[in-house]
Amino acid sequence: MAESKALPDEMKSVICFGPGDYRLENIPIPTLEEGEVLIKVLAAGICAGDAKCYAGAALFWGDASRTAYCEPPITPGHEFVGEVVRLGPGAGEKYGLEIGDHCISEQIVPCWDCRYCKRGSFHMCMPHDIYGFHQKTPGAMAEFMKFPAGSINFKVPQSIPAWQAAYIEPLACSIHAVERGEIQFNHVVVISGCGPLGLGMVAAAKQKSPAKLIALDLFDWKLEVARKCGADVVLNPSKCDVVEEVKKLTDGYGCDVYIEVSGHPQSVKQGLLMIAKLGTFVEFSVFGRETTVDWTIIGDTKELNIRGGHCGPNCYPKAISMIEQHQLPIEDIITHKLPLEDVVKGINLINKGSESIKVVLFP
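Draft legend 1. Structural view of the overall build of the protein chain. Looking only at helices and strands, the protein chain features 13 helices and 17 strands. Each of the 363 residues in the protein chain was classed as buried or not, and the buried ones make up 55%. Taking the intrachain contacts of the protein chain between residues at least 6 apart in sequence as the baseline, contacts between residues at least 24 apart amount to 68%. When the accessible surface of the protein chain is split by element, carbon and sulfur atoms take 50% of a total near 15600 Å². The positive charge centre, built from 34 side chains, and the negative charge centre, built from 44, are 4 Å apart in the protein chain.

This is the structure:
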């Protein structure tokens, strides 16, 4: 096993102090205890959740019905890849890692003690320590990052460039959402939203071989990327009545599976109108504001299956494999590569939506 290299005492890190207040600062490099791993961050993606946290979304900062999830000051970032530079006692053996390996850690560090962890649903862990939001789990928008004991870590083939490996986490989430849809061969599937997650869902859903795969987005250039990911039909809601178009394609029945990943209230309403009776609606988004719908359509009218999706449990190996085997046009999905100090520029690109898909930072 290679020996760890000498490291500086401090590192550059983005620090979230509150909505709209992200600063680049110097902070101490993390120290290690038993079972912990230190990586040099090679690349870190900006998630739509990071962008909505910056914008002040209630999920992260609380409202009348929930407490704030984000615990500032904190280093953001849960999409990343890094090079192992130090290993705490027992960590190398536990995770099969050596100094110099490229690796990734699942976005959530489970407690392994709550009822969800004990049942195998670690992605719903009660403490819910996702990298980049809680004090226990600082994130990847820094030069170095620690994987705590109890984290779920994977080696990443060095044949995958770092800027591509930063897409493993969102792709794992996409795969999980597709699995929640339980897609069958005779299904017509609609994916609403062609951002990083939606495009990953299109690529993953294509591997389920549905009868027809339809992608929706407000930007035609993103729909062209969806075609490259495997969409059979692409529709722009600003240019046509997508509900009527989907019904025309399905003899008036509607789609069997609707996966909502745009985070826009209108997409929810549109999906409930578009979906067939006994269909499955999967929600995988962070919303900037509340959504109101007539729930009658869910029960009395269509008897729908409504499913949420969160994180990417047990999907990281598949995501790594898809990228390694070039099973999606990742060069079209990752549209911007920026230095760490341009984090706010990257966030603004994501919140604007019209010029970017995935933005990756390099410390």
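Draft legend 2. Here's a closer look at the packing of aromatic side chains. Taken as a whole and assessed by the stated rule, the structure comprises nine aromatic pairs. Their ring planes at 40 degrees and their centres at 5.8 Å tell us that Phe80 and Phe147 sit as a pair that is tilted. One end of the pair, Phe80, is in strand E4 (residues 79-87); the other, Phe147, is in strand E8 (residues 144-147), with 67 residues separating them in the sequence. Side by side, Phe80 and Phe147 carry an identical accessibility label, which is buried. Seen from their ring centres, Tyr131 and Phe147 are 6.2 Å apart, and the 50 degrees between their planes marks the pair as tilted. Here Tyr131 is found in the loop between strand E7 (129-130) and E8, whereas its partner Phe147 is found in strand E8, with 16 residues between them in sequence.

Draft legend 3. Just the pattern of salt bridges, in detail. A full pass over the atoms with the stated rule returns 14 salt bridges. Note that Lys206 is salt-bridged to Asp232, the shortest N-O span being 2.9 Å. Here Asp232 lies in the loop between helix H8 (220-229) and strand E12 (233-235) and Lys206 lies in helix H7 (residues 196-206), a separation of 26 residues in the sequence. For Glu355, the salt bridge goes to Lys352, with nearest N and O atoms at 2.5 Å. On the basis of relative accessibility, which here comes to 52%, the residue Lys352 falls in the exposed class.

Draft legend 4. Highlighting the nonpolar core. Ranked by size, the top nonpolar core spans 98 residues in total, and within it Phe80, Ile168 and Ile191 carry the most contacts. The element best represented in this core is helix H6 (residues 168-181), accounting for seven residues. Leave out the neighbours within four places in its chain, and Ile168 touches Ile104, Val156, Tyr316, Ala319, Ile320 and Ile323.

Draft legend 5. The arrangement of the pairing of strand E10 (residues 188-192) in detail. With five of five residues buried, E10 lies mostly within the body of the structure. Alternating positions in E10 separate into two faces, Val188, Val190 and Ser192 on one and Val189 and Ile191 on the other, with burial throughout. Handedness of the crossover joining E10 and strand E11 (residues 212-216) through H7 is recorded here as right-handed. Relative to strand E13 (residues 255-260), E10 is paired through four bridges, and the arrangement is parallel. Bridging from a neighbouring strand, Val190 pairs with Tyr258 of E13.

Draft legend 6. Structural detail: the sheet that holds E12. Across the sheet, which stays open at both edges, the six strands sit in the order E12-E11-E10-E13-E14-E15 with parallel pairing between neighbours. Every interior strand has two partners, whereas the edge strands, E12 and strand E15 (305-308), have only one. Between one strand and the next, the sheet's axes are offset by a mean angle of 20 degrees, whatever the strand orientation. Where E10 lies against E11, five bridges are found, and the strand directions are parallel.

Draft legend 7. Up close: the state of the cysteines. Per the stated rule, a full pass over the model turns up zero disulfides. Take Cys173: it sits in no disulfide, and the sulfur closest to it among the cysteines is that of Cys311, at 6.0 Å. Residue classification places Cys173 among the buried positions, given a relative accessible area of 6%.

Draft legend 8. Region of the structure containing the environment of Leu235. Among the structural elements, Leu235 can be located in strand E12. Residue classification places Leu235 among the buried residues on the basis of a relative accessible area of 10%. Considering only alpha carbons, one finds Leu235 and Gln327, 92 residues apart in sequence, at a separation of 23 Å. When residues no more than four places from it in sequence are discounted, the contact partners of Leu235 are Ile214, Ala215, Leu216, Asp217, Leu223, Cys240, Val242, Glu245 and Val246.

Draft legend 9. Highlighting the packing of H7 against H8. Look at H7 against H8: their axes get within 8 Å of each other, and the N-to-C directions meet at 25 degrees. As far as their axial angle goes, H8 and H7 are roughly parallel. When the axes of H7 and H8 are compared, the crossing they make is right-handed. From H7, Leu199, Val202, Ala203 and Lys206 reach across to H8, where they touch Lys222, Val225, Ala226 and Cys229. The class makeup of the residues in the contact of H7 with H8 is six nonpolar, no polar and two charged.

Draft legend 10. Fine view of the pairing of strand E14 (residues 275-283). Burial analysis of E14 places seven of its nine residues in the buried class, the great majority of the element. Pairing analysis gives five bridges linking E13 to E14, with the strands arranged parallel. Along E14, the bridge assignment pairs Glu260 with Glu283. Each parallel crossover has a hand, and for E13 linked through helix H10 (residues 265-274) to E14 it is right-handed. As defined by bridge partners, E14 adjoins E15 across four bridges and the pair is classed as parallel. Bridge assignment links Glu283 to a residue of E15, and that residue is Gly308.

What counts and how
- Residues numbered from 1 in each chain as written.
- Predicted model: local features only at pLDDT ≥ 70, side-chain atom pairs only at ≥ 80, totals over all residues.
- Heavy atoms only, no water.
- Helix = DSSP H or I, 4+ residues; strand = E, 2+ residues; numbered from the N terminus.
- Buried < 20%, exposed > 50% of the residue type's maximum accessible area, 1.4 Å probe, protein only.
- Contact = heavy atoms within 4.5 Å.
- Areas by Shrake-Rupley, 256 points an atom, 1.4 Å probe, with all protein chains shown as cover.
- Lys, Arg positive; Asp, Glu negative; His and termini not counted.
- Charge placed at Lys NZ, Arg CZ, Asp CG, Glu CD.
- Phe/Tyr/Trp six-rings, centres within 6.5 Å; stacked < 30°, edge-to-face > 60°.
- Salt bridge = Lys/Arg side-chain N within 4 Å of Asp/Glu carboxyl O.
- Core = buried A, V, L, I, M, F, W, Y, C linked by side-chain atoms within 4.5 Å.
- Right-handed = clockwise from strand over helix to strand, strands pointing away.
- Pairing = 2+ DSSP bridges.
- Axes fitted to C-alpha atoms, helices over the stretch in contact; angles between N-to-C directions.
- Disulfide = S-S within 2.5 Å.
- Parallel < 35°, antiparallel > 145°, perpendicular 65-115°, else oblique.
- Left-handed = near helix turned anticlockwise from the far one by under 90°.
- Nonpolar A, V, L, I, M, F, W, Y, C, P; charged D, E, K, R; others polar.

In short, geometric facts, not functional conclusions.
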